[in-house]
Amino acid sequence: MKEWTTTTPEETTQLAQDIATHLSPGTVLLLEGDLGAGKTTFTKGVAKALNIKRTVSSPTFTIIKEYKGTMPLYHMDVYRLGESEEDLGFEEYFYGEGVTLVEWAHLIQDQLPEQYGVLRIERIGDEVRKITYTPVGDKYEKLEKVLEESL
Ligand code: ADP
Ligand code: MG
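All values derive from a computational prediction rather than experimental measurement.

Cut-offs used in this document
- Residues numbered from 1 in each chain as written.
- Chains lettered and ligands numbered in written order.
- Predicted model: local features only at pLDDT ≥ 70, side-chain atom pairs only at ≥ 80, totals over all residues.
- Heavy atoms only, no water.
- Helix = DSSP H or I, 4+ residues; strand = E, 2+ residues; numbered from the N terminus.
- Rg over C-alpha atoms; globule rule 2.2 N^0.38 Å.
- Buried < 20%, exposed > 50% of the residue type's maximum accessible area, 1.4 Å probe, protein only.
- Contact = heavy atoms within 4.5 Å.
- Lys, Arg positive; Asp, Glu negative; His and termini not counted.
- Charge placed at Lys NZ, Arg CZ, Asp CG, Glu CD.
- Near = heavy atom within 4 Å.
- Polar contact = N/O pair within 3.5 Å; in protein donor to acceptor, adjacent residues only side chain to side chain.
- Areas by Shrake-Rupley, 256 points an atom, 1.4 Å probe, with all protein chains shown as cover.
- Nonpolar A, V, L, I, M, F, W, Y, C, P; charged D, E, K, R; others polar.
- Pairing = 2+ DSSP bridges.
- Axes fitted to C-alpha atoms, helices over the stretch in contact; angles between N-to-C directions.
- Expected span 1.5 Å × (residues − 1).
- Arc of directions from axis to C-beta.
- Donors = N, O, S within 2.8 Å, 3.2 Å for Na, K, Ca; no water.
- Salt bridge = Lys/Arg side-chain N within 4 Å of Asp/Glu carboxyl O.

Here's the deal with the overall build of the chain
- Across its full length, the chain carries four helices and seven strands.
- Listing the helices and strands of the chain from first to last along the sequence gives β-α-β-α-β-β-α-β-β-β-α.
- Computed over its C-alpha atoms, the radius of gyration of the chain comes to 14 Å, within 12% of the 15 Å expected for a compact globule of 151 residues.
- Each principal axis of the C-alpha atoms in the chain carries an extent, and together these give about 35 × 30 × 30 Å.
- A total of 151 residues make up the chain; the buried ones form 51% of that total.
- Long-range pairs, those at least 24 residues apart, make up 59% of the contacts in the chain with a sequence separation of at least 6.
- Charged side chains in the chain number 16 positive and 26 negative. The centres of these two groups are separated by 7 Å.

Overview of the site of ligand 1
- Neighbouring residues of ligand 1: 16 residues in total, closest Thr12, Gly36, Lys39, Thr41 and Glu127.
- In this structure, a nitrogen atom belonging to ligand 1 sits 3.1 Å away from a main-chain N or O atom of Thr8.
- A distance of 3.0 Å separates an oxygen atom of ligand 1 from a polar atom in the backbone of Gly38.
- Computed on the free molecule, ligand 1 has an accessible area of 580 Å², of which 75% lies beneath the protein chains in the complex.
- Secondary structure elements with two or more residues in the shell around ligand 1: helix H1 (9-20) and helix H2 (39-49).
- For the shell around ligand 1, the leading source of residues is H2, giving three residues.
- Of the residues belonging to the shell around ligand 1, the class tally is three nonpolar, seven polar and six charged.

Section: the sheet that holds strand E5 (residues 99-103)
- Within the open sheet, the seven strands sit side by side as E1-E7-E6-E2-E5-E4-E3. Their pairing is mixed. Every interior strand has two partners, whereas the edge strands, strand E1 (2-6) and strand E3 (64-67), have only one. On average, each strand axis in the sheet is tilted by 20° relative to the strand beside it, whichever way the strands run.
- As paired strands, strand E2 (residues 28-32) and E5 are joined by four bridges and run parallel to one another. Across the sheet, residue Leu31 finds its bridge partner in E5, namely Glu103.

Brief notes about helix H4 (residues 138-150)
- Over its 13 residues, H4 runs 19 Å from end to end, which matches the ideal 18 Å to within 8%, given 1.5 Å per residue.
- The set of residues buried in H4 consists of Tyr140, Leu143, Glu144 and Leu147. The buried residues of H4 occupy an angular sector of 105° when projected down its axis, which confines them to one face. Structural note: H4 exposes Lys142, Lys145 and Glu149 on the side pointing more than 90 degrees away from its buried face.

Here's the deal with the coordination of the magnesium ion (ligand 2)
- At 2.2 to 2.5 Å from the magnesium ion (ligand 2) lie its protein donor atoms, namely Thr40 (OG1) and Glu103 (OE). With Thr40 in helix H2 and Glu103 in strand E5, the pair connects residues that are 63 residues apart, well separated along the chain.
- A residue is classified by how much of its surface remains accessible, and Glu103, at 3% relative accessible area, is buried.

Let's talk about the pattern of salt bridges
- Summed over the entire model, instances satisfying the criterion amount to one salt bridge.
- With a closest N to O distance of 3.2 Å, Asp126 and Arg123 form a salt bridge.

Set out below in structure tokens:
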């Protein structure tokens, strides 16, 4: 498990940008954390790194938003689905050409791919956040090593 602390939203965006430089097509990252923790703020940083110009906002009412950049970004917020069995064809994104970021992923636990990275954002204070990365599967263990060496 790799851990970082950020003390401003800008730092979280910058950390996300740095992490994003190590991501490749088919990467799936789950963003866990309470409402207001910084999941969407983190996503904005990934978007910036992928040179996405459109404003990234929380996709609560659309479930999935796709952004075109140097690599596509698939931003999912499955909060509204609840504990749903509804198959929305997530595989197309998980195994697609882009990076997928999923907010509230535990709600679709049985539809997740076998491997993924988990980024948990915890609110420590007004602007202080603890961000931890936990890998699930060997591809994401490799990513952890890369992050340990570079960040
Ligand atoms: P979530 O998507 O997890 O509900 P958001 O990213 O939409 O959260 O909102 C996080 C809020 O917390 C924003 O208003 C942001 O400005 C604020 N914030 C304060 N400090 C931080 C920090 N260190 N990292 C991320 N967001 C922060
Ligand atoms: Mg959000």
